[in-house]
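Here is how the chains run, residue by residue.
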Amino acid sequence: LLACFLVQQIAVLGLVAAQNWQVNYNNAQCCNNCNTPTIIGNSCAGDKIGDPYRHNTVAVLEELDARLSATLPVIELRNSDFATGTYRTPQSAVYKLMEDIVFNPNPNDGWLPTQAQTDSGAYPAETYQLGFFAGIAVEHSNVVIDLNGHEIRQHRDFYLVQRFWSAIDSNQPFPNNEGPAVFTNLKLVSGLIIKNGRMGLTSHHGIHLNEPTLVLIKDIVFHEFEVAAISINGADRIVVRDCEMRGSSKIVPVNGLFSASWFLRPFLRRAAADPAMEAITLNLVNAELEDGTFGPLVVTASSALARIENALNAMITEWQTGTPSTSNDVASIRNPSGLPDGGDTMGIILNKVSVAVGGITTTIPNDVQASNDVTLLNCDIADIVGAATEFMAVADGPGPTHGRDPVGAVVDVLRIIRLGNPIPNTQPQELETFFKGNMVANAQILLGKIQNTGNFPNFHWGRQFMPPAFVNYAESNPQITAQQFFANNPDLRIIDQGDQMFHFVKGTHGVRLTGLVGVRIADMHISDVHDKAPPFQALPFRLVEGVQRFHHPGAAAGSPGYQGALARGTLIGSCVIDTIDGLTIETITSEQGIAVPYDSINEVTTKKAARVIIRGNNVLTNR
């Protein structure tokens, strides 16, 4: 059906009109009613749109590649095309790399869009509010990106500072109305071919797409990715074939506090520039100072900004020169392990329509919400190593009311307390805990205090929320213990099992498929998936008897228990699997948790499976 309709459309529209070609599946008729031979023979594989065997998607997309490559204009890309920022595709075309691309835009302007670029519309403020999030942003249908045997990767310096980047992405990094800020301009593209080369060092993904249709990814070697080689939300008719995912990054220089610091700066700058906001102070009784000692500290927007910028600049210098900084603040954002500390590290993640940072969907989505018709063919995934760091959020009342800053980074309970004297009559021995803060938490809580005055409704607060009681705790004089604080505020609660951005931590996976319908897997090899995260971080102290403690909302969806230290070869959740014909999984390990070579949770229907081999040093459970 699809093959017939594709050939028929191209024949009718002609070669020149191919640039504007769109497939209308709703109006397609059965191949038996077509006069044009199909590219997979003279008959359909099925008669109904809903038939998972209705067409040979691989053959269809290979034909699409051939025709687009032969008819579209060719635009050659070199490093000069990326010198000032993300390359935004200007039209339907074949984009061919003519050399290795080392992405390092605007290094003299803080690696960010300049004000002139924002004002001109070259990089609109809404879309690029998190910086240059991609090397290439696909903004048109019928696009071929031919790596031409070359590689695209982040420059080391840009890799340090831009903690959210993919080599190839949609025109915006999140679906509409999702993500850490407001995004509303997603362009839905149909007909995208990415092929023939390498994707290297990236702080997030090699390829990341939102809600694309007709996608072929082939003949690519991915390496040194932090989150995933390929991450796609809401795909419809996608093929990934003949690709290698050869190792997640082991040189991650900083932890989540670095990116939280980086993204706090524009909010602090605007606050510092407003005399009324600058006049509001956070008054800490016995805070951790820049040199690591403790003492009184008065925090203003300008002083918080200066402290953060000093630490960031020192970290950049350390990264560039190799000479370690002695700054206590730099130590707080340094990542000694070199492994990704976010909620997940994966080879491939394919998800339903929506971001994949929450829990695992509990039911098979409907046709509108599911990713439909997915083929993974002859892919080799190896050397995926993660070490998620759990952050404890403090929340006030029901709902998503955890303390967070304007871009959604949490105020972490574990990292802003210091231990005091033993508490009598506790067994095992408990210690008093006092607020000490750090440069990130101090800035977050100060912005929360300013917002809570209600005097600045026109300030862009983003996702900022700070429980007023927590501000009071930070400023308590004389300083009270955390135990006293929670006893005095019974409505407050601790939320665990999230990361720095309140993403639900799910561990390390070779492949994760969630919310998909019509999946075909053939000749896939997954090996050496290792999780090195610590186990569930039960608070190292009891805050107070009876303190309310809740799990992240994502914990209710899917497997029970803490998943941050869980290694999975394959995770399949709420999917319809048409066929598995050749899947080998070996050597899946976890240092502190459990390892599951093949995990199938929630509603999963598998129609046919053959040649599934699990071997190697796996720590098996009863799943």
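Since we're looking at a predicted model, the values are computed, not measured.

Draft legend 1. Highlighting the overall build of the protein chain. Looking only at helices and strands, one finds 11 helices and 29 strands in the protein chain. Taken across its 623 residues, the protein chain has 58% of its residues classed as buried. Accessible surface computed for the protein chain: about 23,000 Å², of which carbon and sulfur atoms make up 51%.

Draft legend 2. How the structure looks around the packing of aromatic side chains. Across all of its chains, the model carries 19 aromatic pairs by this definition. Taken together, a centroid distance of 5.3 Å and an interplanar angle of 70 degrees make the contact between Phe103 and Phe158 edge-to-face. Taken as a pair, Phe103 in strand β4 (residues 101-103) and Phe158 in helix α4 (residues 156-161) lie far apart in primary sequence, 55 residues in all. A relative accessible area of 0% means that Phe103 is categorised as buried. Exposure remark for Phe158: the relative accessible area of 0% places this residue in the buried category.

Draft legend 3. Structural detail: the sheet that holds strand β26 (residues 548-551). Read from one edge of the open sheet, 3 strands run β20-β23-β26, paired in mixed fashion. Looking at the sheet topology across the chains shown, the edges are occupied by β20 (391-396) and β26. Across the sheet, the mean angle from the axis of one strand to that of its neighbour is 30 degrees, orientation sign disregarded. Note: β20 against strand β23 (residues 492-498), 5 bridges, orientation antiparallel. The residue bridging Ala393 from the neighbouring strand is Ile495, located in β23.

Draft legend 4. Seen up close, the nonpolar core. Core analysis: the largest hydrophobic core is formed by 138 residues, its most contacted members being Met199, Ile217, Phe222 and Leu513. Ignoring any residue separated from it by four or fewer positions in sequence, one finds Phe222 in contact with Met199, Gly206, Ile207, Ile217, Ala229, Ile230, Cys243, Glu244, Met245, Arg246 and Gly247.

Draft legend 5. Just unusual backbone geometry, in detail. Residue Pro478 is reached from Asn477 by a cis peptide bond, and omega for that bond is 5 degrees. Inspection of the secondary structure puts Pro478 in the loop between α10 (468-474) and α11 (482-488). One non-glycine residue, Asn142, lies in positive phi territory at about 55 degrees. The residue Asn142 is located in the loop between β5 (134-138) and β6 (143-146) in this model. Residue Asn142 is classed as buried on the basis of its relative accessible area of 0%.

Draft legend 6. Highlighting the environment of Ser170. Mapped onto the elements, Ser170 comes out in strand β8 (residues 166-170). Placed 19 residues apart in sequence, Ser170 and Val189 show a C-alpha to C-alpha distance of 8.4 Å. Discounting residues that sit within four places of it in the chain, Ser170 has contacts with Phe133, Ala137, Val138, Leu186, His208, Leu209 and Asn210.

Draft legend 7. Up close: helix α5 (residues 256-273). In a regular helix each residue adds 1.5 Å, so 18 residues correspond to 26 Å; α5 covers 27 Å between its end C-alpha atoms and thus fits that length. The sharpest bend along α5 measures roughly 35 degrees and falls at Arg265, with the proline Pro266 sitting one to four residues further on. Taking burial as the measure, the 18 residues of α5 include 13 buried ones, the bulk of the element.

Draft legend 8. Main features of the packing of helix α7 (residues 301-321) against helix α9 (residues 439-452). Two numbers describe how α7 lies on α9: the axes approach to 10 Å, and their chain directions differ by 150 degrees. Comparing their axes, α9 and α7 come out roughly antiparallel. Pair α7 / α9 crosses with left-handed handedness. Contact residues: Ala301, Ala304, Arg307, Ile308 and Ala311 in α7; Met439, Asn442, Ala443 and Leu446 in α9.

Draft legend 9. Examining the state of the cysteines more closely. One pass over the full model with this rule turns up 0 disulfides. Among the cysteines around Cys243, which has no disulfide bond, Cys379 carries the closest sulfur, lying 5.1 Å off. Under the relative-accessibility criterion, Cys379 is labelled buried at 2%.

Draft legend 10. Just the pairing of strand β17 (residues 344-351), in detail. Burial of β17 is extensive: 8 of the 8 residues sit out of reach of the surface. The pairing of strand β12 (residues 228-233) with β17 spans 4 bridges and is parallel. The partner of Ser231 across the bridge, within β17, is Ile349. Here β17 runs beside strand β24 (residues 507-514); their pairing, made up of 7 bridges, is parallel. Following the sheet pairing, Ile348 is matched in β24 by Val511.

Draft legend 11. Here's a closer look at the side chain of Thr57. Positionally, Thr57 belongs in helix α2 (residues 57-71). Exposure remark for Thr57: the relative accessible area of 2% places this residue in the buried category. Residues contacting Thr57, with those up to four places away along its chain left out, are Arg237, Val239, Asp373 and Arg520.

Draft legend 12. View of the confidence of the model for the protein chain. Looking at the protein chain as a whole, the pLDDT averages 85, with 87% of positions reaching at least 70. In the predicted structure, residues 1-54 sits below a pLDDT of 50 and forms 85 contacts with residues beyond four places in sequence or in another chain.

Draft legend 13. Fine view of the pattern of salt bridges. For the coordinates displayed, the defined rule picks out 32 salt bridges. Residues Lys506 and Asp344 are paired through a salt bridge, measuring 3.4 Å at the closest nitrogen-oxygen approach. Of this pair, Lys506 sits in the loop between β23 and β24 while Asp344 sits in strand β17, and the two are 162 residues apart along the sequence. Residue classification places Asp344 among the buried residues on the basis of a relative accessible area of 11%. Through salt bridges with shared partners, one network takes in Glu62, Asp65, Lys195, Lys218, Arg241 and Asp242.

Thresholds applied
Residues numbered from 1 in each chain as written. Predicted model: local features only at pLDDT ≥ 70, side-chain atom pairs only at ≥ 80, totals over all residues. Heavy atoms only, no water. Helix = DSSP H or I, 4+ residues; strand = E, 2+ residues; numbered from the N terminus. Buried < 20%, exposed > 50% of the residue type's maximum accessible area, 1.4 Å probe, protein only. Areas by Shrake-Rupley, 256 points an atom, 1.4 Å probe, with all protein chains shown as cover. Phe/Tyr/Trp six-rings, centres within 6.5 Å; stacked < 30°, edge-to-face > 60°. Pairing = 2+ DSSP bridges. Axes fitted to C-alpha atoms, helices over the stretch in contact; angles between N-to-C directions. Core = buried A, V, L, I, M, F, W, Y, C linked by side-chain atoms within 4.5 Å. Contact = heavy atoms within 4.5 Å. Expected span 1.5 Å × (residues − 1). Bend = angle between axes of the 7 residues up to and from the residue. Parallel < 35°, antiparallel > 145°, perpendicular 65-115°, else oblique. Left-handed = near helix turned anticlockwise from the far one by under 90°. Disulfide = S-S within 2.5 Å. pLDDT = per-residue confidence, 0-100. Salt bridge = Lys/Arg side-chain N within 4 Å of Asp/Glu carboxyl O.

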